Amino acid sequence: MKLDRTNELIHGTINETEPYEALVHVLESAIELVQIPDNDFCWSSWNDSEEATKEIQKLLNMAKSYALPEKVEASVLFAPTGPLQEVSLISGWAEPFLKVAEKYDQVENLLWPNS
């Protein structure tokens, strides 16, 4: 499986002048990661890749429309012991997850600076 968006995100920088586009990039990366074949979802709140993708896609669609999702809806995905981290730990991609989560933190500070 190609993880093009994830590799671009991890090895690139966040464009602080386009925070919605940066959020789109982070969420596209999250979708790539949850769609890795043979992911194990037993520790997460999701039953499978389809359910995870659906939840993330909802936020992605909002960001693409320049509608700001509720902060908690986005931040919980990337939180310690959140569903993405749980899948990453059991599925063997914990380090890439941490790098994507760091990028999310940067975007969060741009979009929700006073919260």
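Here goes a summary of the coordinates provided. (Residues numbered from 1 in each chain as written. Predicted model: local features only at pLDDT ≥ 70, side-chain atom pairs only at ≥ 80, totals over all residues. Heavy atoms only, no water.)

### A look at the overall build of the chain
1) Next: Within the chain, the secondary structure is distributed over 6 helices and 0 strands.
2) Next: Along the chain, helices and strands appear, N-terminal first, in the series α-α-α-α-α-α.
3) Next: Computed over the C-alpha atoms, the radius of gyration of the chain is 13 Å, within 12% of the 13 Å expected from 2.2 N^0.38 for a compact globule of 115 residues.
4) Next: Each principal axis of the C-alpha atoms in the chain carries an extent, and together these give about 35 × 25 × 25 Å.
5) Next: Across the chain, the fraction of contacts at a sequence separation of at least 24, relative to all contacts at a separation of at least 6, is 65%. (Helix = DSSP H or I, 4+ residues; strand = E, 2+ residues; numbered from the N terminus. Rg over C-alpha atoms; globule rule 2.2 N^0.38 Å. Contact = heavy atoms within 4.5 Å.)

### A short note on the packing of aromatic side chains
1) Next: According to the stated counting rule, one finds 2 aromatic pairs in the structure shown.
2) Next: Aromatic pair Tyr20 and Tyr66: ring centres 5.3 Å apart, planes at 55°, arrangement tilted. Here the residue Tyr20 occupies a position in helix H2 (residues 19-34), and Tyr66 occupies one in the loop between helix H3 (49-64) and helix H4 (71-78), the gap between them amounting to 46 residues.
3) Next: Assessed through its relative accessible area of 49%, Tyr66 is described here as partly exposed.
4) Next: Between the aromatic rings of Phe78 and Tyr104, the centroid separation amounts to 4.5 Å while the plane-to-plane angle is 10°, which identifies the pairing as stacked. Pair noted here: Phe78 is in helix H4 and Tyr104 is in helix H6 (residues 94-111), with a separation of 26 residues, a long-range link.
5) Next: In this structure Phe78 comes out as buried when scored by relative accessible area, which is 5%. (Phe/Tyr/Trp six-rings, centres within 6.5 Å; stacked < 30°, edge-to-face > 60°. Buried < 20%, exposed > 50% of the residue type's maximum accessible area, 1.4 Å probe, protein only.)

### A short note on a negative patch on the surface
1) Next: Together, Asp48, Glu50, Glu51 and Glu55 give the surface a local cluster of negative charge.
2) Next: Relative to the elements of secondary structure, Asp48 occurs in the loop between H2 and H3.
3) Next: Taking the relative accessible area as the measure of exposure, Asp48 reaches 34% and is therefore partly exposed. (Patch = residues over 30% accessible without salt bridge, like charges linked within 9 Å, V, L, I, M, F, W, Y side chains within 5 Å. Areas by Shrake-Rupley, 256 points an atom, 1.4 Å probe, with all protein chains shown as cover. Salt bridge = Lys/Arg side-chain N within 4 Å of Asp/Glu carboxyl O. Lys, Arg positive; Asp, Glu negative; His and termini not counted. Charge placed at Lys NZ, Arg CZ, Asp CG, Glu CD.)

### Points about the packing of helix H1 (residues 4-11) against H2
1) Next: One way to put it is that H1 packs onto H2 with a least axis distance of 8 Å and a crossing angle of 130°. As judged from the angle between their axes, H1 and H2 are oblique. The element H1 and its partner H2 pack so that their crossing is left-handed. Only His25, Val26, Glu28, Ser29, Glu32 and Leu33 of H2 make contact with H1, whose side of the interface consists of Asp4, Arg5, Thr6, Glu8 and Leu9.
2) Next: Classifying every residue of the contact of H1 with H2 gives 3 nonpolar, 3 polar and 5 charged. (Axes fitted to C-alpha atoms, helices over the stretch in contact; angles between N-to-C directions. Parallel < 35°, antiparallel > 145°, perpendicular 65-115°, else oblique. Left-handed = near helix turned anticlockwise from the far one by under 90°. Nonpolar A, V, L, I, M, F, W, Y, C, P; charged D, E, K, R; others polar.)

### Observations regarding H6
1) Next: In this model, H6 (18 residues) spans 25 Å end to end at C-alpha, consistent with the 26 Å of a helix rising 1.5 Å per residue.
2) Next: Residues of H6 that are buried include every one of Phe97, Val100, Ala101, Lys103, Tyr104, Val107, Glu108 and Leu111, and no others. Axial view of H6: buried residues confined to an arc of 165°, hence all on one face. For H6, the exposed residues set more than 90 degrees away from the buried face come down to Glu95, Glu102 and Asn109.
3) Next: Looking at the buried residues of H6, the elements they touch are H1, H2, H4 and helix H5 (83-91). (Expected span 1.5 Å × (residues − 1). Arc of directions from axis to C-beta.)

Remember, this is a structural readout, not a statement about activity or role.
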